[in-house]
Amino acid sequence: MQEIEIEFKNMLTKDEYINLKEKLFPNIIPVKQINYYFETTDFQLKQKGAALRIRKKGDQYIATLKEPYRDGLLETHEKLLESNVKEWMNNHFDFSSSIGSRLQTLEIDSSRLKYWGSLLTYRLKLTKNNSIIFLDHSKYNNKEDYEVELEVTNYDEGKKQFDAFLKEYQIPYRPSKNKVQRFFETL
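Residues numbered from 1 in each chain as written. Predicted model: local features only at pLDDT ≥ 70, side-chain atom pairs only at ≥ 80, totals over all residues. Heavy atoms only, no water.

**Some thoughts on the packing of aromatic side chains**
So, point 1. Enumeration according to the criterion identifies 14 aromatic pairs in this entry.
So, point 2. Their ring planes at 25 degrees and their centres at 5.9 Å tell us that Phe8 and Phe162 sit as a pair that is stacked. Of the two residues, Phe8 is situated in strand β1 (residues 2-12) and Phe162 in helix α5 (residues 155-168); the sequence distance between them amounts to 154 residues.
So, point 3. Overall, the relative accessible area of 9% leaves Phe8 in the buried class.
So, point 4. An aromatic cluster of at least three residues, connected via ring pairs, comprises Tyr36, Phe38, Trp88, Phe93 and Tyr115. (Phe/Tyr/Trp six-rings, centres within 6.5 Å; stacked < 30°, edge-to-face > 60°. Helix = DSSP H or I, 4+ residues; strand = E, 2+ residues; numbered from the N terminus. Buried < 20%, exposed > 50% of the residue type's maximum accessible area, 1.4 Å probe, protein only.)

**Observations regarding the pattern of salt bridges**
Pairs can form between side chains of opposite charge once their charged atoms are near each other.
So, point 1. Throughout the structure, instances matching the rule amount to 18 salt bridges.
So, point 2. A salt bridge links Glu149 to Lys179; the shortest N-O distance between them is 3.0 Å. Placement of the pair is Glu149 in strand β8 (residues 143-152) and Lys179 in helix α6 (residues 179-185), with a sequence separation of 30 residues.
So, point 3. Judged by its relative accessible area of 6%, Lys179 falls in the buried class.
So, point 4. The partner of Lys177 in a salt bridge is Glu185, with the nearest N and O atoms 2.6 Å apart.
So, point 5. Lys177 gets classed as partly exposed once you look at its relative accessible area, which sits at 42%.
So, point 6. Residues joined in a network through salt bridges with shared partners are Glu7, Lys9, Arg123, Asp136, Asp145, Glu147, Glu149, Lys179 and Arg182. (Salt bridge = Lys/Arg side-chain N within 4 Å of Asp/Glu carboxyl O.)

**A few points about the sheet that holds strand β4 (residues 60-69)**
So, point 1. Pairing is antiparallel around the closed barrel formed by eight strands, whose spatial order is β1-β5-β4-β3-β2-β6-β7-β8. Neighbouring strand axes in the sheet, compared pairwise and without regard to direction, differ in orientation by 35 degrees on average.
So, point 2. Where strand β3 (residues 51-57) and β4 come together, seven bridges link them in antiparallel fashion. Counterpart to Lys57 in the pairing with β4 is Gln60.
So, point 3. The strands touched by helix α3 (residues 82-89) are β2 (31-40), β3, β4, β5 (72-80) and β6 (113-128); relative to β5, the strand with the most contacts, the crossing angle is about 115 degrees. (Pairing = 2+ DSSP bridges. Axes fitted to C-alpha atoms, helices over the stretch in contact; angles between N-to-C directions. Contact = heavy atoms within 4.5 Å.)

As structure tokens, this is what we get:
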């Protein structure tokens, strides 16, 4: 399965995170998800602006390859069994799938991929004004951070909504690298 993701992100302080959590998500329990990251030792994915992860949410595992696409990202998703995940973590990949096809198109040498580690996120989700607001608290490599994301279907409208959101909650704009970038910067 493929989809286009258009999102706007902003890093938050812990106090801003708590304030948004109390105002927008009262009495909602965050969903725990774990991202497992894969890359070659010479960072072939990063060089193409791409990223490969497995996300565990509940008892489901979804592999996702993200690559640049117009104003957003092209995401190729694939459900995996727990046994597949164990193989991936031991650097044994079966890419006879749509992800394998996309890796070939990107000219990524999949035999050089390896597992690097994980990032734990506690995520809150709210649908509002034809967009989805995510409030994330992430932990990885002895680091913790907080982030708000707005996922939209139209870049220009989403930019207006995101700017208005930050203004409404008096949050200064702080560019946010994506989670995989933040993860690899801590290695």
